[in-house]
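Read off the chains here:
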Amino acid sequence: EITRTENQKRLQIAAPSPTAKASGMYWLYTDYTDTEIEGCSNLPARDKKAMKGAIPIAQLALMHRSLLHVAPRKETEQFRVVYNGIAGLTLGVRGRIHQHFNGGDGTGCLNILNTTLGDLTRWRISYVLFDANGNHGLKIDYAKHGKHLERMWRLTFGWPLLCRH
């Protein structure tokens, strides 16, 4: 579950929340329909820097509409994976997820809360950390294997609707 903190500027991720500046992979899920995603629009920007480099959600969804290898919504699941990514130690998984919701100056994030898709009750996240102290006891060299793991996941499960690269 994802909620806003009292000051409305930060997100709070339900426990267990990823530790600060831990590398790993993460997934964003939503129950918004393809039609809602394709029809979304940006809200008037409160912060112009947050919009710089943001992924054009509606445009990307329309371009990916009929491609064969886009990760489908399974009939048995309410939420669908629409984005997956990797995060290094500098920002970490928690920081990168925060950028996808709040924007990140030129980072190629979704900037969800500055669009008409900003209802947090309709979003979920999952993640796995690459640190032996993280979940599942994995110890993976992010610099060496991170991009490969991201690519292999996409080849196995399909390209998430809102991923560009």
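In this report, we go over the structure that sits alongside the text. Residue numbers here run from 1 along each chain, matching the order of that chain's written sequence. Local features in a predicted model are, by the rule used here, given only for residues with pLDDT of at least 70; side-chain atom pairs are given and counted only at 80 or more, and totals for whole chains, interfaces and linings are based on all residues. Computation of side-chain values covers all heavy atoms of the structure but excludes hydrogens and water.

## Some points on the nonpolar core
Argument step 1. To form a nonpolar core, buried Ala, Val, Leu, Ile, Met, Phe, Trp, Tyr and Cys residues must be joined to one another through side-chain atoms within 4.5 Å. With a 1.4 Å probe rolled over the protein chains alone, any residue whose accessible area is under 20% of its type maximum counts as buried; one over 50% counts as exposed, and the rest are partly exposed. In this structure, Ile37, Tyr83, Phe101, Leu110 and Leu162 are the most contacted members of the largest nonpolar core, which totals 30 residues.
Argument step 2. Note on conventions: DSSP H or I runs of at least 4 residues are helices, E runs of at least 2 residues are strands, and numbering of each starts at the N terminus. Looking at this core, the elements that each hand over two or more residues are β3 (24–30), α3 (57–64), β4 (80–87), α4 (92–102) and β5 (123–129).
Argument step 3. Ignoring any residue separated from it by four or fewer positions in sequence, one finds Ile37 in contact with Thr30, Tyr32, Ile57, Ala58, Ala61, Val82, Leu117, Leu161 and Leu162.
Argument step 4. With seven residues, the next largest nonpolar core counts Met25, Trp27, Phe130 and Trp153 among its residues. Contacts were defined at the residue level, with two residues in contact if any of their heavy atoms lie within 4.5 Å.

## With respect to the side chain of Ser23
Argument step 1. Looking at where Ser23 falls in the secondary structure, it is placed in the loop between β2 (11–13) and β3.
Argument step 2. Residue Ser23 is classed as buried on the basis of its relative accessible area of 7%.

## So, unusual backbone geometry
The bulk of non-glycine residues show a negative phi, and the bulk of peptide bonds are trans.
Argument step 1. In this structure, Asn111 is a non-glycine residue whose phi angle is positive, near 60°.
Argument step 2. One can find Asn111 in the loop between α4 and β5.
Argument step 3. The class of Asn111 is buried, set by a relative accessible area of 1%.

## Some details on the pairing of β3
Side-chain direction in a regular strand flips from residue to residue, so the side chains alternate between the two faces of the sheet.
Argument step 1. Across the seven residues of β3, six count as buried, placing the element largely inside the fold.
Argument step 2. Strand pairing is assigned whenever DSSP identifies at least 2 bridges connecting the two strands. Where β3 meets β4, seven bridges bridge the pair, whose relative direction is antiparallel. Residue pairing across strands places Tyr26 opposite Gly85, the latter belonging to β4.
Argument step 3. Relative to β5, β3 runs antiparallel, the two being bridged by seven bridges. Its bridge partner being in β5, Tyr26 is matched across the sheet by Tyr127.

## Brief notes about the pattern of salt bridges
A side chain of one charge can pair with a side chain of the opposite charge when the charged atoms of the two come close.
Argument step 1. The salt bridge definition used is simple: a Lys or Arg side-chain nitrogen within 4 Å of an Asp or Glu carboxyl oxygen. Here the structure, examined in full by the defined rule, presents five salt bridges.
Argument step 2. In this structure, the salt-bridge partner of Arg80 is Asp34, at a minimum N-O distance of 2.4 Å. Here the residue Arg80 occupies a position in strand β4, and Asp34 occupies one in helix α1 (residues 34–38), the gap between them amounting to 46 residues.
Argument step 3. As a salt-bridge pair, Glu36 and Arg122 come within 3.0 Å of each other at their nearest N and O atoms. Separated by 86 residues along the polypeptide, Glu36 in helix α1 and Arg122 in the loop between α4 and β5 bring together distant segments of the chain.
Argument step 4. The structure contains a network of salt bridges with shared partners spanning Asp31, Glu36 and Arg122.

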